[in-house]
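Survey of secondary and tertiary structure
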Amino acid sequence: MPSRMGARAPAGFGRSFWELGLLLLLAFVLLQGSVFPYGADASSQHAKDGCSSTHEGKPNRTKKVFPVLSFEYDHIKTPFEVSLWVLFASLMKLGFHLVPRLSSIVPESCLLIVVGLLVGGLSKLIGESELPKLDSGNFFLVLLPPIILDAGYFLPIRPFMENLGTILMFAVVGTLWNAFFIGSVLFAVCQIPAAGLTHLGLLSCLLFGSIISAVDPVAVLAVFEEIHINELLHILVFGESLLNDAVTVVLYHLFEEFSAFGTVTVLDGFLGVISFLIVAFGGVLVGAIYGILAAFTSRFTSHMRVIEPLFVFVYSYIAYLSAELFHLSGIMALIACGAVMRPYVEANISHKSHTTIKYFLKMWSSVSETLIFILLGVATVGGPHNWNWIFVTSTVFLCLVARVIGVIGLTFIINKFRIVKLTTKDQFIVAYGGLRGAIAFSLGFLLEVEDEEMRHIFLTAIITVIFFTVFVQGMTIKPLVELLAVKKKQEAKRSINEEIHIQFLDHLLTGIEDICGHYGHHHWKDKMNRFNRKYVKKCLIAGERSKEPQLIAFYHKLEFKQAIQLVESGGGGKLSSALPSTVSIQNIQPKKPPPAPEPRERVLPQLPKSREEEIRKILRSNLQRTRQRLRSYNRHTLVADPYEEGLNDLLKKQKMFELEKKIKEMNNYLSVPVATSDSPNLRRARLASGRQTDFKPDEQQNGKKQTSDPQAYNVKPDPVEVPTIQVELASPQSPDSVNILDEFRKDKEKDEDTGLTMKPPSGPSAPPRKQSGEEDAKDPQKLTRCLSDPGPSADEGEDDPFLP
Amino acid sequence: MGAAPTRIGQQDPELVERTGFSPEQINNLHKRFLQLSGNKDTISRENLNDIPALAYNPIKSQIIEAFFDKRNQHDSEVGSLEEITFQQFLMVMSHFRPPTLEMTAEEKEAMRKEKLRFLFNMHDTDGDGKITLEEYRKVVEELLSSGSIEQESAKEITDAAMLEVASTNVPHMGPEDFYEGITFEHFEQILKGLEMESRMHIRFLDTATVHCGKS
């Protein structure tokens with residue numbers, strides 16, 4: 001039966017998406033409604049069959065008709081329905097982006113609520129009452145944590161910390177103000193006899209105020225993600241929505257307790273304050289503890305890379321549940337856990353695990369968000385309602401007013417303490433971005449009051465406010481941002497210069513503060529960084545990475561990204577740099593004075609010193625990089641990751657390519673056979689062997705036959721191809737090249753731990769080869785060997801530490 | 001704390017105008033100045049060196065040097081001083097004022113230029129108006145608090161950074177051209193994304209505070 005339903009859906013493929021969507025909706029709803037009775041029928045059918053057959057042959061055992069195809073829905077009911085909902089939500093999300101104009105006008109959250117409304121409406125029409133409710137168990141334990149973890153793990157720590165004071169002010173004081181203002185004014189409104197709400201006491205109104213006052217992180221994320229405002233405003237509104245959870249929790253429980261008793265004393269108020277502090281700091285503490293545990297665990301996962309992401313997720317979830325266990329703020333625990341563990345975990349885990357974590361978090365949070373909005377729509381249709389015009393409209397109105405007054409008032413106070421003040425535009429966006437969402441609804445749902453009618457009134461009002469903020473404010477905020485010309489997010493990636501200067505500024509400002517003599521912001525930040533570097537990093541980060549300064553880590557990350565870009569852009573093509581420019585390394589290397597002219601008549605132009613410098617640099621950098629990579633890989637990885645090693649090669653290849661390009665540009669008459677084959681293996685091989693790069697002409701010059709290199713698969717050593725006009729590369733006989741070799745020899749003697757010595761088998765063989773200066777035949781190969789990867793024997797040697 | 005501390009701020013309105021500090025801030029800074037100099041009129045390098053908190057700072061010497069750099073006095077002289085007076089001390093400190101709400105866009109731009117100029121002077125130690133590769137490398141090395149390992153990385157990072165500056169500012173250089181060094185315009189260009197006027201500032205105390213013998 002389900003297959004029959006399902007068959008209808010593909011039929012709509014040829015038509016527009018909306019029809020497909022509706023068909024899916026229909027199929028889904030009918031499935032829900034109709035499967036159960038069918039299931040019951042089928043099983044009863046079998047039972048009847050079984051019974052009838054056994055009735056016939058009572059004394060002996062009769063052969064039952066073997067059920068070739070049976071149907072048992074109960075068995076899989078719950079997981080099946082859950083999966084269907086998730087699938088449905090994802091398909092909806094997919095669909096919105098297929099319709100381009102729609103997603104730019106209407107934020108996704110609105111569309112999802114509409115879809116939820118449709119589903120709810122349809123199922124009500126059909127008479128199906130078994131819809132999943134957005135009940136608090138589901139919501140708080142399953143749907144909310146992924147979103148918060150995603151937010152907390154990727155929280156931009158720097159702007160968050162810099163604006164922490166402001167954020168806390170908005171979160172704590174702002175929410176308190178909202179709650180009390182709305183609650184008390186509503187109470188006043190309720191006193192009007194015409195409303196028919198006189199039974200609502202002050203405490204009930206305050207309770208309602210506390211539910212409705214909190215800005216919702218889910219809604220804020222959903223809307224703000226699409227408008228790309230600047231970092232400061234984003235972190236202000238978003239940070240507020242995260243941190244006000246503590247306030248909400250305390251107020252909610254406080255008023256819920258008290259509304260049962262009807263009175264409140266000063267002592268209770270005082271206890272409330274204490275409770276708030278405990279809830280907030282306790283939540284953060286719990287989260288931090290689990291975060292440190294996760295970081296510590298990740299230190300030892302080098303043998304078992306596959307389950308690294310699992311630790312991140314499980315520790316965070318347990319942190320959340322532990323906090324909820326004690327009625328502490330679970331959201332703050334989750335944020336603290338993610339933010340604390342991130343720098344250490346990222347230093348420990350492999351690149352792939354990092355990608356996995358990122359994508360899983362984004363995936364789960366995305367699905368959660370979608371489900372929340374859809375279920376919100378469904379619950380709107382299904383839920384018990386009690387519409388009271390005055391209550392609802394005054395609630396909406398008061399929410400807006402309270403928010404505006406709160407923001408303006410608080411900013412006035414905050415600006416006295418801030419150095420970079422908040423402008424009016426900023427204030428407007430902060431006020432306008434105070435969206436309410438599903439948390440408020442769930443809290444309302446969770447309410448246990450004797451007066452069911454009151455609960456219905458509350459729920460209706462909450463839903464109306466949510467709809468208003470999400471639809472009206474959500475849809476209009478984008479054009480308003482454009483209209484007011486609010487500063488947008490800077491899309492450009494951080495460059496190495498900026499990173500250098502940010503660090504430089506940190507130290508500079510700390511120093512100036514010290515000279516000024518007062519212990520300010522920078523001083524404490526610097527102290528914490530030093531403490532972090534000295535003690536904490538040593539504990540929590542494995543191996544050598546614990547000593548890596550931040551700048552180097554940043555630089556390597558940057559290079560890694562560039563290498564990945566290279567791979568994705570097809571590899572062989574032109575080097576992707578941010579700006580098209582012909583500037584290369586050689587342009588910045590200081591030129592050395594030219595050497596004394598040689599007495600010997602020379603046909604060939606000399607190798608310019610910049611070229612030498614570049615070669616030297618490449619040598620050094622390759623060795624250096626290999627050494628550094630080796631060090632960071634030397635964590636007994638079970639399987640030498642071919643992709644990451646390929647990237648290693650690609651980085652070198654990047655440099656090689658530049659070199660090649662420069663040579664090409666410098667001499668138009670030389671045709672260096674550019675890499676023609678496309679297979680990465682071949683390119684890698686060619687790179688490793690150093691064949692068909694610039695140094696080929698070198699060998700041509702000597703008229704030597706190219707010695708075979710085991711790694712060169714497709715080498716065509718064809719001297720005929722290359723024109724006889726020689727390139728200006730120095731021949732081994734020229735003093736310049738000897739210089740290179742000499743210097744390299746000197747270099748090698750100086751520091752024995754260069755890359756060459758990493759290959760034990762060929763190590764001893766290399767120096768004796770070098771000393772034989774008369775072995776010109778070997779020279780070019782030597783030169784190429786220096787510049788390329790170590791040869792195959794070296795590779796095996798290199799692999800040794802990697803294998804168990 | 002009698003009448004003496006309020007003397008400087010009120011007495012010298014020119015200071016207020018030149019540096020942009022309020023009289024209270026000038027008073028506080030004067031107190032600090034006297035503390036550092038041992039109640040003398042000038043500060044020498046040793047006085048600043050003796051500040052214990054600065055000991056951990058990797059760019060300590062550059063910071064101290066910046067105080068004695070004539071270029072930061074807006075006097076268009078070059079070279080360095082041996083000792084500085086309070087006025088010169090204030091001039092250097094004025095580079096770290098935050099922007100105010102009332103500033104226009106031009107004023108903010110001028111402030112940014114001033115701060116960037118200060119940074120530039122810190123890097124350009126020989127005063128030729130360009131940050132060469134060597135000078136930049138020294139900066140990076142200091143930042144990395146180099147051991148022998150980091151020296152290689154410092155070179156790499158510096159080269160990459162320099163390359164980036166060159167690519168951004170002079171995109172089409174021939175293979176034989178040489179990029180001499182970062183000029184002030186190029187420096188401005190590469191750091192324009194950082195919004196220096198909002199980043200490079202510290203909080204100057206307005207109210208009178210007591211420093212209990214800390215130096």
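Residues numbered from 1 in each chain as written. Chains lettered and ligands numbered in written order. Predicted model: local features only at pLDDT ≥ 70, side-chain atom pairs only at ≥ 80, totals over all residues. Heavy atoms only, no water.

1. Comments concerning the overall build of chain A
Selection rule: Segments assigned H or I by DSSP are reported as helices when at least four residues long, segments assigned E as strands when at least two residues long, and all are numbered from the N terminus. The classification of residues rests on relative accessible area computed with a 1.4 Å probe and restricted to protein chains. Under 20% of the type maximum is buried, over 50% is exposed, and intermediate values are partly exposed. In what follows, residue pairs with any heavy atoms lying within 4.5 Å of each other are defined as contacts.
A count of helices and strands for chain A gives 31 helices and zero strands. By residue count, 52% of the 804 residues in chain A fall in the buried class. Intrachain contacts of chain A at a sequence separation of at least 6 include 81% that bridge at least 24 residues.

2. Remarks on the overall build of chain B
The test is simple: In this description, accessible areas are obtained by the Shrake-Rupley approach with a 1.4 Å probe, and a residue is regarded as covered only by the protein chains that are shown.
Each helix and strand counted, chain B has 11 helices and two strands in total. For chain B, the succession of helices and strands along the chain, N to C, is α-α-α-β-α-α-β-α-α-α-α-α-α. Split into buried and exposed, the 215 residues of chain B put 47% on the buried side. A total of about 10,000 Å² of accessible surface is found on chain B, and carbon and sulfur atoms cover 49% of it.

3. Considering helix 3 (residues 73-98) of chain A
Selection rule: Two axes enter the bend calculation: one fitted to the seven residues ending at the residue in question, the other to the seven starting there, and the bend is the angle between them.
In the structure, helix 3 of chain A departs most strongly from a straight axis at Pro79 of chain A, where the bend amounts to approximately 40 degrees. Looking at helix 3 of chain A, one finds that the buried residues are Tyr73, Lys77, Glu81, Leu84, Trp85, Phe88, Ala89, Met92, Lys93, Gly95 and Phe96 of chain A.

4. Digging into the confidence of the model for chain A
The predicted coordinates of low-pLDDT regions are not to be read in fine detail. Residues and elements named next belong to chain A. Applicable threshold: Per residue, pLDDT captures the predictor's confidence, and it can take any value from 0 to 100.
Per-residue confidence for chain A gives a mean pLDDT of 71, with 61% of residues at or over 70. Helix 13 (residues 308-325) holds the highest mean pLDDT among the elements of chain A, 92, whereas helix 31 (residues 792-799) holds the lowest, 38. Note that residues 33-57 has pLDDT below 50 and, in this model, 20 contacts with residues that lie over four places away or in other chains. Residue range residues 572-579 is modelled with pLDDT below 50. Its contacts to residues more than four positions away, or to other chains, number 10 contacts.

5. Side note on the environment of Ser109 of chain A
All names here are of chain A. Examined against the element boundaries, Ser109 turns out to sit in helix 5 (residues 108-126). Judged by relative accessible area, Ser109 falls into the buried class, the value being 2%. Residues contacting Ser109, with those up to four places away along its chain left out, are Ala222, Val223, Phe373 and Val470.

6. Some remarks on the pattern of salt bridges
All names here are of chain A. As a reminder of what qualifies: Any carboxyl oxygen of Asp or Glu within 4 Å of a side-chain nitrogen of Lys or Arg constitutes a salt bridge here.
Counted under the stated rule, the structure contains 14 salt bridges over all chains. Residues Asp506 and Arg158 are paired through a salt bridge, measuring 3.0 Å at the closest nitrogen-oxygen approach. Separated by 348 residues along the polypeptide, Asp506 in helix 20 (residues 496-516) and Arg158 in helix 7 (residues 157-162) bring together distant segments of the chain. Since its relative accessible area comes to 18%, Asp506 is described here as buried. Among the ionic pairs, Asp526 bridges to Arg530, the shortest N-O distance being 3.3 Å.

7. Notes on the packing of helix 9 (residues 202-212) of chain A against helix 19 (residues 452-484) of chain A
Residues and elements named next belong to chain A. Where we set the bar: Comment: axis = line fitted to C-alpha atoms, over the contacting stretch for helices; angle = value between 0 and 180 degrees taken between N-to-C directions. An angle counts as roughly parallel when it lies under 35 degrees, as roughly antiparallel when it exceeds 145, as roughly perpendicular when it falls between 65 and 115, and as oblique in every other case. Each crossing gets its hand from how the near helix is turned against the far one by less than a right angle, where anticlockwise is left-handed and clockwise is right-handed. Polar here means any residue outside two lists: the nonpolar Ala, Val, Leu, Ile, Met, Phe, Trp, Tyr, Cys and Pro, and the charged Asp, Glu, Lys and Arg; Gly therefore counts as polar.
The interhelical angle for the contact between helix 9 and helix 19, taken along N-to-C directions, is 30 degrees, at an axis separation of 11 Å. What the angle tells us is that helix 9 and helix 19 run roughly parallel. For the element pair helix 9 and helix 19, the recorded crossing hand is right-handed. Taken together, the residues of helix 19 that come into contact with helix 9 (itself represented by Ser204, Phe208, Ile211 and Ile212) are Met454, Phe458, Ala461, Ile462 and Val465. Class assignment for the residues of the contact of helix 9 with helix 19 results in eight nonpolar, one polar and no charged.

8. Brief notes about the packing of aromatic side chains
We apply this condition: Stacked, tilted and edge-to-face pairs are distinguished by plane angle, under 30 degrees for stacked and over 60 for edge-to-face with tilted covering the rest, among Phe, Tyr and Trp rings (Trp via its six-membered ring) whose centres lie within 6.5 Å. Put simply, a charge is over a ring when the Lys NZ or the Arg CZ is close to the ring centre, within 6 Å, and near the line of the ring normal, within 35 degrees.
Following the criterion strictly, the structure yields 26 aromatic pairs over all chains and no others. Note on Phe208 of chain A and Phe391 of chain A: the rings are 5.2 Å apart at their centroids and 50 degrees apart in plane angle, and the pair reads as tilted. A residue pair is termed long-range when its members are at least 10 positions apart, and Phe208 of chain A in helix 9 and Phe391 of chain A in helix 16 (residues 389-417) qualify at 183 residues. Residue Phe208 of chain A is classed as buried on the basis of its relative accessible area, which comes to 0%. Between Phe441 of chain A and Phe445 of chain A, the ring centres sit 5.6 Å apart and the planes meet at 45 degrees, which makes this aromatic pair tilted. Of this pair, Phe441 of chain A and Phe445 of chain A both sit in helix 18 (residues 438-446), four residues apart, which is roughly one turn of the helix. The two residues Phe441 of chain A and Phe445 of chain A agree in class, both being buried. Connected via pairs of aromatic rings, a cluster forms that spans Phe33, Phe67, Phe86 and Phe89 of chain B. The ring of Phe68 of chain B carries the charged tip of Arg45 of chain B above its face, separated from the ring centre by 4.6 Å. Its guanidinium or amino end placed over the ring of Phe184 of chain B, Arg117 of chain B lies 4.4 Å from that ring's centre, counting from NZ or CZ.

9. Brief notes about a nonpolar patch on the surface
For the record, the criterion: Distance thresholds for patches are 9 Å for like charges and 5 Å for nonpolar side chains (Val, Leu, Ile, Met, Phe, Trp, Tyr), applied to residues having over 30% relative accessible area and no salt bridge.
Taken together, the side chains of Met304, Val306, Ile307, Leu310, Val314 and Ile318 of chain A present a nonpolar region at the surface, about 520 Å² in accessible area. Look at Val314 of chain A and you get partly exposed, because its relative accessible area is 38%.

10. Considering the nonpolar core
Nonpolar side chains tend toward joint burial in soluble globular proteins. Keep this limit in mind: What is meant by a nonpolar core is a set of buried Ala, Val, Leu, Ile, Met, Phe, Trp, Tyr and Cys residues, joined one to another through side-chain atoms within 4.5 Å.
Core analysis: the largest hydrophobic core is formed by 137 residues, its most contacted members being Leu144, Ile374, Phe391 and Phe441 of chain A. Setting aside its immediate chain neighbours within four residues, Ile374 of chain A contacts Trp85, Phe88, Ala89, Met92, Leu112, Val115 and Gly116 of chain A.

11. Notes on the environment of Pro549 of chain A
Residue placement: Pro549 of chain A occurs in the loop between helix 21 (521-540) and helix 22 (550-568). When the C-alpha atoms of Pro549 of chain A and Arg533 of chain A are compared, they prove to be 8.8 Å apart, with 16 residues separating the residues in sequence.

12. A few points about the confidence of the model for chain B
Residues and elements named next belong to chain B. Per-residue pLDDT for chain B has a mean of 77; in total, 86% of the residues score no lower than 70. Helix 1 (residues 5-11) is the least confidently modelled element of chain B, averaging 56 in pLDDT, while helix 7 (residues 105-123) averages 86, the highest of any element. Predicted confidence is poor over residues 1-5, with pLDDT under 50, and the contacts of this stretch with residues over four places away or in other chains come to two contacts. Every residue in residues 210-215 scores below 50 in pLDDT, and together they form nine contacts with partners more than four places removed in sequence or on other chains. This complex was scored by the predictor with a pTM of 0.68 and an ipTM of 0.90.

13. Considerations on unusual backbone geometry
Phi is positive for His327 of chain A, close to 60 degrees, though the residue is something other than glycine. Within the fold, His327 of chain A resides in the loop between helix 13 and helix 14 (330-348). Its identity as a non-glycine residue notwithstanding, Asn39 of chain B has a phi of 65 degrees, on the positive side. For Asn39 of chain B, a relative accessible area of 63% puts it in the exposed group.

14. Digging into the side chain of Glu369 of chain A
Residue and element names in this part refer to chain A. Using the following cut-off: Counting rule applied: Lys, Arg positive; Asp, Glu negative; His and chain ends not counted.
Mapping Glu369 onto the fold places it in helix 15 (residues 351-382). The charged side chain of Glu369 is buried without a salt bridge, its nearest counter-charge being Lys93 at 4.6 Å. Apart from the residues lying within four places of it in its own chain, the contact partners of Glu369 are Ile147, Val218 and Ala222.

15. Some words on the packing of helix 3 (residues 23-37) of chain B against helix 6 (residues 86-93) of chain B
Residues and elements named next belong to chain B. Viewed as axis vectors pointing N to C, helix 3 and helix 6 meet at an angle of 120 degrees, and their least axial separation amounts to 11 Å. When the axes of helix 3 and helix 6 are compared, the pair comes out oblique. The two elements helix 3 and helix 6 meet at a crossing, and its hand is right-handed. Facing helix 3, whose interface residues are Ile26, Leu29, His30 and Phe33, helix 6 presents Phe86, Phe89 and Leu90. Here the residues of the contact of helix 3 with helix 6 sort into six nonpolar, one polar and no charged.

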